[in-house]
Amino acid sequence: MMNLEGQTALITGAGGGIGRTISVKLAESGADIVLVDMSPDVAEVRGEVESLGQKCLTFEADVTDFDAIDVMVKSAVEELGSIHILVNNAGITQDNLFMRMKPEQWSKVIDVNLNGVFNVTKAVIRPMVKQRAGKIINISSVVGFSGNPGQVNYSSTKSALVGFTKSLAREVGARGITVNAVAPGFIDTAMTQALNESQQEVILQQIPLGRMGDAEDIANAVAFLASKEASYITGTILHVNGGMY
Ligand code: NAD
């Protein structure tokens, strides 16, 4: 278990399968938690975090709303003192073959998965620069590297996070801030449960470890990158995919 005592972590998409597990894992490691999600489900996670003895704030907010996110981060910093760890985890899919993909499906996925990361990071980077310390962890995806039919929009955003991670790491390293990404493979959550049985079968055949990942596999990688043990790691993508890519 990593030791994150005295740290505050903000996690977006904290009501979903992976975000919830990351939030609880960071709380178990001793961090106070700011949960952000546009779904009211996020309130359920608060009880779990508080039962671990950590402080917890909950914001029902949309990462695509630049102004609302700015206000939210200011109020979280005021209440908890600072934000040391940011996990940009909120993400959506709107799959369709490119020939059928509507401009709205393209724009919506870009807006949440890429502009959302810009918005939240913009708001959090100021307090991090001020305290000359911070860990930013972006959740990319294996399909940002391998590509995937039906996911031109989604995989474009997940590759874009690689450029975002590497460029920002170069800009803010001198301020004591690390920026890394975790690229999950196929993880058993609502997002992948939407795939039919034969799609899941095809995917399983491509995974050398022979199973889908679980959210805990991703949370462990995030906790490591958030810890002081990972202090000399920045601009890196940690692939957590059972060997599929
Ligand atoms: P999920 O659908 O279970 O959770 C995503 C959460 O993000 C939801 O709670 C949703 O309400 C929230 N969200 C969506 N749009 C938002 C917005 N505009 N503002 C605030 N919150 C918003 O998905 P998940 O499987 O837990 O995925 C989490 C992250 O991991 C995503 O970025 C996803 O792309 C990535 N990922 C997942 C897998 C997988 O196999 N499940 C694989 C690779 C990468």
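Residues numbered from 1 in each chain as written. Predicted model: local features only at pLDDT ≥ 70, side-chain atom pairs only at ≥ 80, totals over all residues. Heavy atoms only, no water.

## Describing the pairing of strand β6 (residues 177-184)
Along β6, 8 of the 8 residues are buried, which leaves the element largely enclosed by surrounding structure. Where burial is concerned, the two faces of β6 agree: the one with I177, V179, A181 and A183 and the one with T178, N180, V182 and P184 are both buried. Bridge count for strand β5 (residues 134-139) against β6 is 6 bridges, and the pairing is parallel. Note that in β6 the partner of N138 across the bridge is A181. Alignment of β6 against strand β7 (residues 237-240), held across 4 bridges, turns out to be parallel. Residue pairing for β7: A183 is matched across the bridge by H239. (Buried < 20%, exposed > 50% of the residue type's maximum accessible area, 1.4 Å probe, protein only. Helix = DSSP H or I, 4+ residues; strand = E, 2+ residues; numbered from the N terminus. Pairing = 2+ DSSP bridges.)

## Overview of the nonpolar core
Among the nonpolar cores identified, the biggest contains 32 residues, and I22, L26, I33, V182 and V222 are the most heavily contacted of them. For this core, the secondary-structure elements that each account for two or more residues are β1 (8-12), α1 (17-28), β2 (32-37), α2 (42-50), β4 (85-88), β5 and α9 (215-226). Counting residues per element, this core draws most heavily on α9, which supplies 8 residues. The residues contacting I33, other than those within four sequence positions of it, are A9, I11, S23, L26, A27, V49, K55, C56, L57 and L80. In terms of nonpolar packing, the next biggest core, distinct from the first, is built from 27 residues, A61, V63, L80 and I83 among them. (Core = buried A, V, L, I, M, F, W, Y, C linked by side-chain atoms within 4.5 Å. Contact = heavy atoms within 4.5 Å.)

## Digging into the site of the ligand
Contacts to the ligand come from 28 residues, most closely from D37, N89, Y154, I187 and T189. The contact in question runs from a nitrogen atom of the ligand to an N or O atom on the side chain of D62, over 2.8 Å. Side-chain polar atom of K158 to an oxygen atom of the ligand: 2.9 Å apart, as the coordinates give it. For the ligand, the protein covers 90% of the area, taking 830 Å² as the surface of the free molecule. (Near = heavy atom within 4 Å. Polar contact = N/O pair within 3.5 Å; in protein donor to acceptor, adjacent residues only side chain to side chain. Areas by Shrake-Rupley, 256 points an atom, 1.4 Å probe, with all protein chains shown as cover.)

## Some remarks on the confidence of the model for the protein chain
Taken residue by residue, the protein chain gives an average pLDDT of 97. The fraction at 70 or more is 100%. Across the protein chain, element-level confidence peaks in β5 with a mean pLDDT of 99 and bottoms out in helix α7 (residues 190-193) with 83. (pLDDT = per-residue confidence, 0-100.)

## Considering the sheet that holds strand β3 (residues 56-60)
The strand order across the open sheet formed by 7 strands is β3-β2-β1-β4-β5-β6-β7, and the pairing between neighbours is parallel. Lying at the two open borders of the sheet, with one neighbouring strand each, are β3 and β7. Neighbour-to-neighbour, the strand axes of this sheet turn through a mean angle of 15°, independent of strand direction. With 5 bridges joining them, β2 and β3 adopt parallel strand pairing. Paired with L35 across the strands is T58, a residue of β3. Each of β1, β2, β4 and β5 touches α1; the most contacted strand, β1, lies at about 175° to it. (Axes fitted to C-alpha atoms, helices over the stretch in contact; angles between N-to-C directions.)

## Some words on the pattern of salt bridges
Applying the stated criterion to the full structure yields 5 salt bridges. We note a salt bridge from R46 to E50, for which the minimum N-O separation is 3.1 Å. Remark: E50 and R46 occur in helix α2; sequence separation between them is 4 residues, near one turn of the helix. Residue R46 is classed as partly exposed on the basis of its relative accessible area of 32%. (Salt bridge = Lys/Arg side-chain N within 4 Å of Asp/Glu carboxyl O.)

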